[in-house]
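# Structural description and commentary
Next come the chains, spelled out residue by residue.
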Amino acid sequence: MDGQPEQIAEAVTRLKSGGLVAFPTETVYGLGADALSEAAVQRVFDVKGRPAHNPLIVHVSGEAMAKRVAAEWPEDAQKLAERFWPGPLSIVVPKAASVPGIVTGGGPNVAVRCPSHPLTLSLLEAFGGPLVGPSANVSGFVSPTTAEHVREAFEARDVLVLDGGACTGGIESTVVSVVGGMARVLRSGLIDAAVIGEVLGRVVECADSGVVSAIPNAATSAESPGQLSSHYSPQAKAVMVEAPDVDKAVATVERECVLITHSPDEIRSGPKRHVISMPGDARGYARRLYAALREADAMHPELIVIVTPPDESTNPVWRAVRDRLKRATTRE
Ligand code: TXA
Ligand code: MG
């Protein structure tokens, strides 16, 4: 790509002086800063309006860099990194002393991930150190899957945005903890607990959408404090309903509804409703999900009605899709 080396050089200069650089990944765009600089990381929290207890994922160029931020690199971590990196898996391990407490929300563990986007891998290599990278959205709102989404969110802020095109995965990485010999999925994603279990040779618990959600304190008991029940939310009120209940939901509004559905044939057309058709396959749906929520919001509807997608019995990725939709339709 033309201009890429120059862009990366500019990005590295910014990062070295404590600045912010948004980068593309295969999941969503991240808001990058030097993970070992407390001041730079503080800027990320400020710009996103993120609560201090919610820890950040540390992005690395590979296993060697991961070991620099980890106090221990358990065999489980080794196996998972070998199998899934670069890719959409964040691995929680005990943190090294060099990682400032602000990165982990004051907790003893750090989540590390090696993303698979070539532009960002080049950036990590050129920078030569780990970068924090929360999703590049204002805290609580819909994650960005294009450079344009990031620019919109941080227009007024000093953020350099590297444009790597639309994200192919579309939803955030799976977060798995291997701390203390346990293996637990804390946030579902494109890589399912069952596949992780196969690699580790044992059953892996999936704690998202329930057990650890809504416990907002990393320093105490919550393993994944970012898993608040309300998250990924559009501005408009949004509800999730089964296809047969769509008419009932639409009947509650006076103005217009936007309907988001993977199964448009089941939806009657009519006044007050604008339909956004989603792909019927789980990966396609995940890829489109956040752009669709943004599109719906841009119409300023009175209500967004999302038709409940299939469950994970046909494809485990539906679990992650449903998890995001549940949070997008919860207000707390
Ligand atoms: O795909 C992704 O993971 C994207 C891209 C940019 O890499 N990043 C991302 O970051 O989604 P963020 O900050 O939006 O979500 C991070 C999630 C939160 O749920 C947080 O609580 C959890 O990871 N997390 C981060 N560090 C953790 C830690 N030390 N222990 C447990 N959970 C952690
Ligand atoms: Mg996020």
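Residues numbered from 1 in each chain as written. Chains lettered and ligands numbered in written order. Predicted model: local features only at pLDDT ≥ 70, side-chain atom pairs only at ≥ 80, totals over all residues. Heavy atoms only, no water.

## Notes on empty space enclosed by the protein
For clarity, the threshold we go by: Each cavity reported here is a set of points on a 1 Å grid over the protein atoms alone in which a 1.4 Å probe fits but cannot get out, each pocket an open set with protein on both sides within 12 Å along at least five of seven lines, and each lining residue one with an atom within 4 Å of a point. Grid points are joined across faces, edges and corners, and a volume is the space filled by probe spheres set on the points. We call Asp, Glu, Lys and Arg charged. Ala, Val, Leu, Ile, Met, Phe, Trp, Tyr, Cys and Pro are nonpolar, and the rest, Gly among them, are polar.
Tallied over the full model, the rule gives one cavity of 30 Å³ or more. Roughly 30 Å³ of volume is contained in the largest cavity. As for the largest cavity, its lining consists of Thr174, Val185, Ser188, Gly189, Ile191, Asp192, Ala193, Cys206 and Arg319. Looking at the lining of the largest cavity residue by residue, the classes come out as four nonpolar, three polar and two charged.

## Details of the domain arrangement of the protein chain
Keep this limit in mind: Where each domain starts and ends follows an automatic or database-derived domain assignment. In what follows, residue pairs with any heavy atoms lying within 4.5 Å of each other are defined as contacts. By definition, the buried area sums, over both parts, the 1.4 Å-probe accessible area that each loses when the two are put together. When a carboxyl oxygen of Asp or Glu lies within 4 Å of a side-chain nitrogen of Lys or Arg, that pair is called a salt bridge.
Assigned domains of the protein chain: these are domain 1 (4-206) and domain 2 (238-328). The distance between the C-alpha centroids of domain 1 and domain 2 comes to 29 Å. Tallying the contact residues gives 20 residues for domain 1 and 15 residues for domain 2. For the domain 1 and domain 2 pair, buried surface summed over both sides reaches about 1,400 Å², with 54% attributable to carbon and sulfur atoms. Contact with domain 2 buries surface across domain 1, with Val142, Ile171 and Leu190 losing the most and accounting together for 35% of the total. At the boundary of domain 1 with domain 2, the tally comes to two salt bridges.

## Side note on the pattern of salt bridges
Note the following rule: Put simply, DSSP marks the helices as runs of H or I at least four residues long and the strands as runs of E at least two long, and each gets a number from the N terminus on. Type-normalised accessible area, obtained with a 1.4 Å probe on protein chains alone, sets the label of each residue: buried when under 20%, exposed when over 50%, and partly exposed for intermediate values.
Enumeration over the complete set of coordinates arrives at 17 salt bridges. Linking lysine 79 and glutamate 75 is a salt bridge whose minimum nitrogen-to-oxygen distance equals 3.9 Å. Pair noted here: lysine 79 and glutamate 75 are both in helix α4 (residues 75-84), with a separation of four residues, about one helical turn. The class of glutamate 75 is exposed, set by a relative accessible area of 57%. A single network of salt bridges, built from pairs that share partners, joins Glu172, Asp323, Arg324 and Arg327.

## Topic: α4
Note the following rule: Here, the arc refers to the directions that run from the helix axis to the C-beta atoms.
Among the residues making up α4, those that are buried are Asp76, Ala77, Leu80, Ala81 and Phe84. Mapping the buried residues of α4 onto a view down its axis gives an arc of 125 degrees, with all of them on the same face. The exposed set on the far side of α4, more than 90 degrees from its buried face, consists of Glu75 and Glu82. At its buried positions, α4 is contacted by α3 (63-69), β4 (89-94), β8 (174-177) and α7 (193-200).

## Concerning the pairing of β8
Counted only if it meets this: In this description, strands pair whenever DSSP reports at least two bridges between them.
Of the two faces of β8, both are covered, the one formed by Thr174 and Val176 as well as the one formed by Val175 and Ser177. Two strands pair when backbone bridges link them, and β4 and β8 are joined in this way by four bridges, in the parallel orientation. Looking across to β8, one finds that isoleucine 91 is bridged to valine 176. With three bridges joining them, β8 and strand β9 (residues 184-187) adopt antiparallel strand pairing. From the neighbouring strand, valine 175 faces β9, where its bridge partner is arginine 187. Linking β8 to β9, which pair antiparallel, is a turn of six residues; within it glycine 180 sits at a positive phi near 65 degrees.

## Here's the deal with the nonpolar core
Basically, it comes down to this: Nine residue types can take part in a nonpolar core, namely buried Ala, Val, Leu, Ile, Met, Phe, Trp, Tyr and Cys, and a core is a set of them joined through side-chain atoms within 4.5 Å.
Counting 51 residues, the largest nonpolar core has Trp85, Ile91 and Ile196 as the members making the most contacts within it. At five residues, helix α2 (residues 38-48) tops the list of elements feeding residues into this core. If you look at the next biggest cluster of nonpolar residues, it comprises 27 residues, including Val28, Ile260, Tyr285 and Leu293.

## As for the state of the cysteines
Note the threshold: Two cysteine sulfurs form what is called a disulfide whenever their separation falls within 2.5 Å.
Scanning all chains against the criterion turns up zero disulfides. Lacking any disulfide linkage, cysteine 114 is separated from the closest cysteine sulfur, that of cysteine 167, by 16 Å. You can call cysteine 114 buried: its relative accessible area is 3%. Given a relative accessible area of 4%, cysteine 167 falls into the buried group.

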